[in-house]
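Architecture at a glance
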Amino acid sequence: MIKLRRLPDLWRQWPITVRDLPIALALALATVVPALERQGTQLGDLPDRPYDALTIGVVALECLPLAVRRRWPAVCLALVSLGFAIDQLRGYHTIAGTGLAIALISAGTHLERRRWTVAGLATAAYVPLAISLDRLGSGEGVAGFSTFYLLLALAWGIGAWLRQNRATEAERRRHAEEATRTAERTRIARELHDVVTHHVTAMVVQAEAARYLTGAPDKLDQTLTAITGTGRRAVGDLRQLLDLLNPDHNSTGDPRTPSVGDLDALVEHSRQAGQPVEFVREGTPAAATGSAEVVAYRVVQEALTNALKYAHGSRTRVRVHHGKGETTVEISTDGSGSDSASPGGSGRGLAGLRERVTVLGGDFSAGAQASGGFLVRARIPAGNPS
(Lines give C-alpha, C1' and ligand atoms only; values in the text may rest on other atoms or scores of the structure.)
Protein backbone atom coordinates (compact mmCIF):
# COMPACT_ATOMS: atom_id res chain seq x y z
CA MET A 1 0.00 0.00 0.00
CA ILE A 2 1.44 3.36 -1.06
CA LYS A 3 2.27 5.58 1.89
CA LEU A 4 0.45 8.88 1.92
CA ARG A 5 3.66 10.86 2.33
CA ARG A 6 4.88 9.48 -1.00
CA LEU A 7 1.84 10.73 -2.90
CA PRO A 8 3.29 14.23 -3.54
CA ASP A 9 6.46 12.70 -4.99
CA LEU A 10 4.46 10.31 -7.16
CA TRP A 11 2.26 13.18 -8.33
CA ARG A 12 5.30 15.25 -9.35
CA GLN A 13 6.48 12.38 -11.54
CA TRP A 14 3.49 12.78 -13.86
CA PRO A 15 3.83 15.03 -16.95
CA ILE A 16 3.11 18.68 -16.23
CA THR A 17 0.14 18.68 -18.64
CA VAL A 18 -1.50 15.83 -16.73
CA ARG A 19 -1.01 17.68 -13.45
CA ASP A 20 -2.62 20.85 -14.83
CA LEU A 21 -5.55 19.04 -16.43
CA PRO A 22 -7.62 18.72 -13.19
CA ILE A 23 -7.83 22.52 -12.90
CA ALA A 24 -9.16 22.78 -16.44
CA LEU A 25 -11.72 20.03 -15.90
CA ALA A 26 -12.82 21.41 -12.53
CA LEU A 27 -13.49 24.85 -14.03
CA ALA A 28 -15.40 23.32 -16.95
CA LEU A 29 -17.57 21.23 -14.62
CA ALA A 30 -18.28 24.30 -12.50
CA THR A 31 -20.26 25.77 -15.40
CA VAL A 32 -22.98 23.12 -15.00
CA VAL A 33 -23.44 23.79 -11.28
CA PRO A 34 -26.79 25.61 -10.95
CA ALA A 35 -25.59 27.82 -8.12
CA LEU A 36 -22.76 29.14 -10.31
CA GLU A 37 -24.87 29.84 -13.37
CA ARG A 38 -24.44 33.42 -14.64
CA GLN A 39 -21.82 34.07 -11.94
CA GLY A 40 -19.00 34.69 -14.38
CA THR A 41 -17.36 37.93 -15.47
CA GLN A 42 -19.74 40.41 -17.19
CA LEU A 43 -17.59 42.82 -19.14
CA GLY A 44 -19.77 45.33 -20.94
CA ASP A 45 -22.87 44.51 -18.86
CA LEU A 46 -24.72 43.10 -21.88
CA PRO A 47 -27.97 41.17 -21.34
CA ASP A 48 -27.59 37.46 -20.53
CA ARG A 49 -28.24 35.05 -23.38
CA PRO A 50 -29.57 31.51 -22.83
CA TYR A 51 -27.00 28.74 -23.21
CA ASP A 52 -26.98 27.00 -26.59
CA ALA A 53 -24.77 24.53 -28.48
CA LEU A 54 -22.09 27.18 -29.00
CA THR A 55 -21.79 27.57 -25.24
CA ILE A 56 -20.16 24.15 -24.98
CA GLY A 57 -17.45 25.16 -27.43
CA VAL A 58 -16.90 28.47 -25.64
CA VAL A 59 -16.55 26.76 -22.26
CA ALA A 60 -14.12 24.24 -23.74
CA LEU A 61 -12.09 27.05 -25.28
CA GLU A 62 -11.91 28.91 -21.96
CA CYS A 63 -11.10 25.88 -19.80
CA LEU A 64 -9.27 23.07 -21.61
CA PRO A 65 -6.24 25.15 -22.70
CA LEU A 66 -5.46 25.59 -19.00
CA ALA A 67 -4.02 22.07 -19.15
CA VAL A 68 -1.05 23.50 -21.08
CA ARG A 69 -0.80 26.76 -19.12
CA ARG A 70 2.74 25.93 -17.94
CA ARG A 71 3.97 24.03 -20.97
CA TRP A 72 2.70 26.48 -23.61
CA PRO A 73 1.60 29.60 -21.69
CA ALA A 74 1.32 31.82 -24.79
CA VAL A 75 -0.92 29.32 -26.62
CA CYS A 76 -3.03 28.89 -23.50
CA LEU A 77 -3.48 32.66 -23.13
CA ALA A 78 -4.43 33.10 -26.79
CA LEU A 79 -7.08 30.35 -26.76
CA VAL A 80 -8.57 31.34 -23.41
CA SER A 81 -8.70 35.00 -24.49
CA LEU A 82 -10.55 34.02 -27.67
CA GLY A 83 -13.05 31.99 -25.67
CA PHE A 84 -13.49 34.86 -23.20
CA ALA A 85 -14.14 37.34 -26.02
CA ILE A 86 -16.85 35.11 -27.54
CA ASP A 87 -18.32 34.55 -24.07
CA GLN A 88 -18.70 38.29 -23.50
CA LEU A 89 -19.88 39.14 -27.01
CA ARG A 90 -22.54 36.40 -26.92
CA GLY A 91 -23.61 37.29 -23.38
CA TYR A 92 -23.15 33.81 -21.86
CA HIS A 93 -21.24 35.13 -18.85
CA THR A 94 -20.21 31.65 -17.65
CA ILE A 95 -18.01 30.98 -14.66
CA ALA A 96 -15.48 29.63 -17.17
CA GLY A 97 -14.48 33.25 -17.83
CA THR A 98 -12.37 32.99 -14.66
CA GLY A 99 -9.93 31.02 -16.77
CA LEU A 100 -8.65 34.27 -18.28
CA ALA A 101 -7.19 35.40 -14.97
CA ILE A 102 -5.56 31.99 -14.48
CA ALA A 103 -4.11 32.09 -17.99
CA LEU A 104 -2.73 35.61 -17.44
CA ILE A 105 -1.08 34.67 -14.14
CA SER A 106 0.38 31.53 -15.71
CA ALA A 107 1.70 33.45 -18.72
CA GLY A 108 3.30 36.06 -16.46
CA THR A 109 4.92 33.27 -14.43
CA HIS A 110 5.99 30.69 -16.99
CA LEU A 111 6.45 32.51 -20.29
CA GLU A 112 10.17 32.44 -21.08
CA ARG A 113 10.60 34.34 -24.34
CA ARG A 114 8.99 37.35 -26.03
CA ARG A 115 7.11 38.34 -22.92
CA TRP A 116 6.68 41.97 -24.00
CA THR A 117 5.50 40.88 -27.45
CA VAL A 118 2.81 38.67 -25.94
CA ALA A 119 1.77 41.44 -23.54
CA GLY A 120 1.57 43.90 -26.43
CA LEU A 121 -0.54 41.55 -28.59
CA ALA A 122 -2.88 40.88 -25.68
CA THR A 123 -3.33 44.62 -25.16
CA ALA A 124 -3.94 45.14 -28.86
CA ALA A 125 -6.56 42.37 -28.85
CA TYR A 126 -8.38 43.98 -25.93
CA VAL A 127 -9.04 47.20 -27.83
CA PRO A 128 -11.32 45.71 -30.56
CA LEU A 129 -13.15 43.67 -27.90
CA ALA A 130 -13.94 46.85 -25.96
CA ILE A 131 -15.04 48.63 -29.15
CA SER A 132 -17.29 45.70 -30.16
CA LEU A 133 -18.91 45.55 -26.74
CA ASP A 134 -19.48 49.30 -26.81
CA ARG A 135 -21.22 49.06 -30.21
CA LEU A 136 -23.44 46.24 -28.88
CA GLY A 137 -24.79 48.63 -26.25
CA SER A 138 -22.34 48.32 -23.38
CA GLY A 139 -22.59 51.01 -20.73
CA GLU A 140 -19.08 50.53 -19.33
CA GLY A 141 -17.56 53.51 -21.05
CA VAL A 142 -13.87 54.32 -21.17
CA ALA A 143 -13.53 54.27 -17.37
CA GLY A 144 -15.08 50.80 -17.06
CA PHE A 145 -13.02 49.24 -19.82
CA SER A 146 -9.85 50.89 -18.50
CA THR A 147 -10.51 49.58 -15.01
CA PHE A 148 -11.00 46.05 -16.33
CA TYR A 149 -7.78 46.32 -18.34
CA LEU A 150 -5.91 47.33 -15.19
CA LEU A 151 -7.28 44.24 -13.45
CA LEU A 152 -6.01 42.08 -16.31
CA ALA A 153 -2.63 43.81 -16.08
CA LEU A 154 -2.63 43.12 -12.33
CA ALA A 155 -3.10 39.39 -13.00
CA TRP A 156 -0.12 39.46 -15.37
CA GLY A 157 1.86 41.42 -12.77
CA ILE A 158 1.12 38.80 -10.11
CA GLY A 159 2.53 36.16 -12.43
CA ALA A 160 5.63 38.27 -13.11
CA TRP A 161 6.10 38.76 -9.36
CA LEU A 162 5.89 34.99 -8.80
CA ARG A 163 8.41 34.48 -11.59
CA GLN A 164 10.84 36.93 -10.04
CA ASN A 165 10.49 35.31 -6.62
CA ARG A 166 11.19 31.90 -8.10
CA ALA A 167 14.25 33.20 -9.93
CA THR A 168 15.53 34.82 -6.75
CA GLU A 169 14.97 31.63 -4.76
CA ALA A 170 16.68 29.54 -7.44
CA GLU A 171 19.67 31.88 -7.37
CA ARG A 172 19.80 31.73 -3.58
CA ARG A 173 19.73 27.94 -3.67
CA ARG A 174 22.46 27.90 -6.32
CA HIS A 175 24.69 30.08 -4.18
CA ALA A 176 23.93 27.95 -1.12
CA GLU A 177 24.78 24.75 -2.99
CA GLU A 178 27.97 26.31 -4.33
CA ALA A 179 28.96 27.43 -0.84
CA THR A 180 28.21 23.95 0.50
CA ARG A 181 30.35 22.34 -2.19
CA THR A 182 33.18 24.78 -1.50
CA ALA A 183 32.99 24.13 2.23
CA GLU A 184 32.99 20.38 1.66
CA ARG A 185 36.00 20.60 -0.67
CA THR A 186 37.80 22.69 1.94
CA ARG A 187 36.97 20.20 4.66
CA ILE A 188 38.15 17.26 2.57
CA ALA A 189 41.36 19.15 1.73
CA ARG A 190 41.95 19.70 5.43
CA GLU A 191 41.37 16.05 6.24
CA LEU A 192 43.71 14.96 3.45
CA HIS A 193 46.33 17.38 4.73
CA ASP A 194 45.99 16.07 8.28
CA VAL A 195 46.10 12.39 7.30
CA VAL A 196 48.73 12.50 4.57
CA THR A 197 51.09 14.99 6.22
CA HIS A 198 51.14 13.22 9.58
CA HIS A 199 51.59 9.66 8.31
CA VAL A 200 54.00 10.49 5.49
CA THR A 201 56.11 12.68 7.76
CA ALA A 202 56.36 9.86 10.28
CA MET A 203 57.35 7.42 7.53
CA VAL A 204 60.04 9.78 6.17
CA VAL A 205 61.52 10.35 9.61
CA GLN A 206 61.49 6.63 10.37
CA ALA A 207 63.07 5.83 7.00
CA GLU A 208 65.81 8.40 7.58
CA ALA A 209 66.54 6.85 10.96
CA ALA A 210 66.67 3.36 9.43
CA ARG A 211 69.65 4.39 7.29
CA TYR A 212 71.80 4.62 10.40
CA LEU A 213 70.64 1.32 11.93
CA THR A 214 72.21 -1.11 9.48
CA GLY A 215 74.58 -2.24 12.19
CA ALA A 216 71.75 -2.92 14.66
CA PRO A 217 69.44 -5.51 13.05
CA ASP A 218 66.99 -5.59 15.95
CA LYS A 219 66.43 -1.81 15.95
CA LEU A 220 66.35 -1.77 12.16
CA ASP A 221 63.65 -4.44 12.11
CA GLN A 222 61.68 -2.50 14.72
CA THR A 223 61.96 0.71 12.68
CA LEU A 224 60.93 -0.99 9.44
CA THR A 225 57.96 -2.58 11.23
CA ALA A 226 56.93 0.88 12.45
CA ILE A 227 57.20 2.24 8.90
CA THR A 228 55.01 -0.60 7.64
CA GLY A 229 52.43 0.04 10.35
CA THR A 230 52.38 3.76 9.63
CA GLY A 231 51.92 3.11 5.91
CA ARG A 232 49.01 0.76 6.56
CA ARG A 233 47.34 3.26 8.83
CA ALA A 234 47.78 5.94 6.17
CA VAL A 235 46.21 3.70 3.53
CA GLY A 236 43.34 2.85 5.86
CA ASP A 237 42.65 6.46 6.75
CA LEU A 238 42.77 7.50 3.09
CA ARG A 239 40.43 4.67 2.11
CA GLN A 240 37.93 5.75 4.76
CA LEU A 241 38.17 9.36 3.65
CA LEU A 242 37.73 8.51 -0.02
CA ASP A 243 34.73 6.32 0.82
CA LEU A 244 32.95 9.49 1.87
CA LEU A 245 33.20 10.72 -1.73
CA ASN A 246 31.42 7.62 -2.98
CA PRO A 247 27.72 8.39 -3.62
CA ASP A 248 26.83 4.84 -2.52
CA HIS A 249 28.55 5.25 0.83
CA ASN A 250 25.92 4.91 3.55
CA SER A 251 27.93 4.24 6.67
CA THR A 252 26.36 5.56 9.84
CA GLY A 253 29.73 6.55 11.23
CA ASP A 254 32.07 9.25 10.02
CA PRO A 255 35.70 8.10 9.77
CA ARG A 256 36.81 11.72 9.72
CA THR A 257 35.82 12.25 13.33
CA PRO A 258 38.59 10.93 15.62
CA SER A 259 38.10 11.46 19.32
CA VAL A 260 40.35 12.74 22.07
CA GLY A 261 40.55 9.15 23.23
CA ASP A 262 42.62 8.38 20.13
CA LEU A 263 45.39 10.70 21.33
CA ASP A 264 47.18 7.85 23.10
CA ALA A 265 47.65 6.05 19.80
CA LEU A 266 48.65 9.31 18.09
CA VAL A 267 51.32 10.01 20.70
CA GLU A 268 52.58 6.45 20.48
CA HIS A 269 52.96 6.77 16.70
CA SER A 270 55.12 9.86 17.20
CA ARG A 271 57.24 8.04 19.76
CA GLN A 272 57.77 5.17 17.34
CA ALA A 273 59.00 7.73 14.81
CA GLY A 274 61.70 8.76 17.27
CA GLN A 275 60.07 11.79 18.87
CA PRO A 276 60.25 11.88 22.70
CA VAL A 277 56.74 12.91 23.69
CA GLU A 278 55.36 13.49 27.19
CA PHE A 279 51.59 13.22 27.32
CA VAL A 280 49.47 14.55 30.18
CA ARG A 281 45.68 14.44 30.28
CA GLU A 282 43.74 16.31 32.96
CA GLY A 283 40.05 16.21 33.75
CA THR A 284 37.26 14.22 32.14
CA PRO A 285 35.86 14.91 28.66
CA ALA A 286 32.28 16.18 28.51
CA ALA A 287 29.57 13.66 27.64
CA ALA A 288 28.98 15.36 24.28
CA THR A 289 31.94 17.35 23.00
CA GLY A 290 30.95 17.29 19.33
CA SER A 291 33.34 19.09 16.99
CA ALA A 292 35.59 20.11 19.89
CA GLU A 293 36.73 16.50 20.15
CA VAL A 294 37.76 16.40 16.49
CA VAL A 295 39.49 19.79 16.55
CA ALA A 296 41.46 18.90 19.70
CA TYR A 297 42.72 15.76 18.00
CA ARG A 298 43.70 17.67 14.85
CA VAL A 299 45.57 20.33 16.88
CA VAL A 300 47.69 17.67 18.56
CA GLN A 301 48.20 15.82 15.28
CA GLU A 302 49.38 18.92 13.39
CA ALA A 303 51.69 20.01 16.23
CA LEU A 304 53.29 16.57 16.49
CA THR A 305 53.70 16.44 12.72
CA ASN A 306 55.52 19.78 12.74
CA ALA A 307 57.67 18.60 15.65
CA LEU A 308 58.70 15.51 13.67
CA LYS A 309 59.48 17.59 10.59
CA TYR A 310 61.30 20.53 12.11
CA ALA A 311 62.42 19.46 15.60
CA HIS A 312 62.98 15.74 15.30
CA GLY A 313 64.43 14.31 18.48
CA SER A 314 63.57 17.35 20.57
CA ARG A 315 61.53 16.95 23.69
CA THR A 316 57.81 17.52 23.08
CA ARG A 317 55.11 17.94 25.71
CA VAL A 318 51.41 17.43 25.06
CA ARG A 319 48.91 18.61 27.65
CA VAL A 320 45.16 18.20 27.26
CA HIS A 321 42.96 19.72 29.95
CA HIS A 322 39.22 19.05 30.03
CA GLY A 323 37.61 21.90 31.91
CA LYS A 324 34.01 22.92 32.44
CA GLY A 325 32.58 23.61 29.00
CA GLU A 326 35.94 23.72 27.20
CA THR A 327 39.05 21.76 26.30
CA THR A 328 42.53 23.30 26.37
CA VAL A 329 45.36 21.80 24.35
CA GLU A 330 49.02 22.80 24.62
CA ILE A 331 51.91 21.31 22.66
CA SER A 332 55.41 22.64 23.23
CA THR A 333 58.62 21.54 21.54
CA ASP A 334 62.14 22.34 22.76
CA GLY A 335 64.65 23.72 20.27
CA SER A 336 64.42 23.23 16.54
CA GLY A 337 66.34 19.98 16.11
CA SER A 338 68.75 19.54 13.25
CA ASP A 339 66.49 21.19 10.74
CA SER A 340 66.70 24.95 10.39
CA ALA A 341 63.31 25.34 8.78
CA SER A 342 60.58 27.30 10.45
CA PRO A 343 58.46 25.16 12.82
CA GLY A 344 55.36 26.46 11.15
CA GLY A 345 56.26 25.19 7.68
CA SER A 346 54.01 26.58 4.97
CA GLY A 347 51.42 27.52 7.55
CA ARG A 348 48.52 25.79 5.79
CA GLY A 349 47.95 23.32 8.62
CA LEU A 350 48.13 25.93 11.37
CA ALA A 351 45.93 28.33 9.41
CA GLY A 352 43.33 25.61 8.98
CA LEU A 353 43.42 24.83 12.70
CA ARG A 354 43.00 28.51 13.59
CA GLU A 355 39.91 28.68 11.40
CA ARG A 356 38.44 25.50 12.90
CA VAL A 357 38.96 26.68 16.46
CA THR A 358 37.62 30.16 15.69
CA VAL A 359 34.44 28.75 14.13
CA LEU A 360 33.72 26.97 17.42
CA GLY A 361 34.25 30.22 19.34
CA GLY A 362 37.65 29.30 20.75
CA ASP A 363 41.16 30.77 20.74
CA PHE A 364 44.22 29.52 18.87
CA SER A 365 47.85 30.62 18.94
CA ALA A 366 51.06 29.20 17.52
CA GLY A 367 54.55 30.68 17.60
CA ALA A 368 58.08 30.57 18.87
CA GLN A 369 58.72 30.81 22.62
CA ALA A 370 61.03 33.38 24.15
CA SER A 371 63.02 30.59 25.77
CA GLY A 372 63.30 28.72 22.49
CA GLY A 373 61.16 26.07 20.86
CA PHE A 374 57.64 26.29 19.58
CA LEU A 375 54.27 26.40 21.35
CA VAL A 376 50.82 25.62 20.00
CA ARG A 377 47.84 26.39 22.23
CA ALA A 378 44.11 26.07 21.62
CA ARG A 379 41.09 26.71 23.81
CA ILE A 380 38.10 24.89 22.36
CA PRO A 381 34.54 25.28 23.73
CA ALA A 382 33.02 21.83 24.24
CA GLY A 383 29.48 20.64 23.68
CA ASN A 384 29.07 22.08 20.15
CA PRO A 385 27.70 19.23 18.00
CA SER A 386 27.92 21.13 14.70
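Rules behind the numbers
- Residues numbered from 1 in each chain as written.
- Predicted model: local features only at pLDDT ≥ 70, side-chain atom pairs only at ≥ 80, totals over all residues.
- Heavy atoms only, no water.
- Helix = DSSP H or I, 4+ residues; strand = E, 2+ residues; numbered from the N terminus.
- Buried < 20%, exposed > 50% of the residue type's maximum accessible area, 1.4 Å probe, protein only.
- Contact = heavy atoms within 4.5 Å.
- Areas by Shrake-Rupley, 256 points an atom, 1.4 Å probe, with all protein chains shown as cover.
- Core = buried A, V, L, I, M, F, W, Y, C linked by side-chain atoms within 4.5 Å.
- Axes fitted to C-alpha atoms, helices over the stretch in contact; angles between N-to-C directions.
- Parallel < 35°, antiparallel > 145°, perpendicular 65-115°, else oblique.
- Left-handed = near helix turned anticlockwise from the far one by under 90°.
- Nonpolar A, V, L, I, M, F, W, Y, C, P; charged D, E, K, R; others polar.
- Lys, Arg positive; Asp, Glu negative; His and termini not counted.
- Salt bridge = Lys/Arg side-chain N within 4 Å of Asp/Glu carboxyl O.
- Pairing = 2+ DSSP bridges.
- Patch = residues over 30% accessible without salt bridge, like charges linked within 9 Å, V, L, I, M, F, W, Y side chains within 5 Å.

For the protein, the name recorded in an unreviewed UniProt entry is histidine kinase, with Micromonospora noduli as its organism.

Okay, the overall build of the protein next. The helix and strand tally for the protein stands at 11 helices and five strands. The 386 residues of the protein split such that 37% are buried. Put simply, 72% of the contacts in the protein that link residues at least 6 apart link residues at least 24 apart. For the protein, the accessible surface area stands at approximately 21,700 Å², while carbon and sulfur atoms represent 59% of it.

This brings us to the nonpolar core. Residues L43, L66, L77, L100, L104 and W156 are the most contacted members of the largest nonpolar core, which totals 30 residues. Sorting the residues of this core by element identifies α2 (16-30), α3 (53-63), α4 (73-90), α5 (99-110), α6 (115-135) and α7 (141-210) as the ones contributing at least two each. Sort the elements by how many residues they give to this core and α6 lands first, with six residues. Ranked by size, the runner-up nonpolar core spans 26 residues in total, among them V300, A303, V329 and I380.

Relative orientation of the contacting elements α4 and α5 amounts to 160°, with a least axis distance of 9 Å. Judged on the interaxial angle alone, α5 and α4 are roughly antiparallel. Classified by chirality, the crossing of α5 by α4 is left-handed. Residues P73, C76, L77, V80, S81 and F84 of α4 form the contact with α5, whose participating residues are G99, L100, A103, L104, S106, A107 and H110. For the contact of α4 with α5, the class distribution of residues is nine nonpolar, four polar and no charged.

Within the secondary structure, R115 sits in helix α6. E112 is the oppositely charged side chain nearest to the buried, salt-bridge-free R115, at an N-O distance of 6.9 Å. Excluding anything up to four places from it in sequence, R115 contacts A107, G108, W156, A160 and R163.

Read across the sheet, five strands follow the order β1-β2-β3-β5-β4 without closing on themselves; strand pairing throughout is mixed. One side of each edge strand has no neighbouring strand; the edge strands of this open sheet are β1 (277-282) and β4 (363-368). Put simply, the sheet's adjacent strands are angled 5° from each other on average, direction ignored. The pairing of strand β2 (residues 316-323) with strand β3 (residues 326-333) spans eight bridges and is antiparallel. In the sheet register, V320 faces β3, and the bridge partner there is V329. Running at roughly 170° to β1, helix α9 (residues 263-272) makes contact with β1 and β2 of the sheet. Across the sheet, helix α10 (residues 291-310) touches β1, β2, β3, β4 and β5 (374-381), and the angle it forms with β3 is around 0°.

Turning our eyes to something else, we now look at the environment of T201. Position of T201 relative to the elements: it lies in helix α7. Sequence separation between T201 and N306 is 105 residues, and the spatial gap between their C-alpha atoms is 8.7 Å. Other than its neighbours up to four places away in sequence, T201 contacts V196, T305, L308 and K309.

Once that is clear, we can look at a nonpolar patch on the surface. Side chains of L29, V32, V33 and L36 sit close together on the surface and give an oily, nonpolar patch of about 350 Å² of accessible area. Residue position: L36 is located in the loop between α2 and α3.

It is worth spelling out unusual backbone geometry at this point. In the Ramachandran plot, D45 falls in the positive-phi region, its phi being about 55° despite a non-glycine side chain. Examined against the element boundaries, D45 turns out to sit in the loop between α2 and α3. A relative accessible area of 55% means that D45 is categorised as exposed. Despite not being glycine, R114 has its phi angle at roughly 55°, a positive value.

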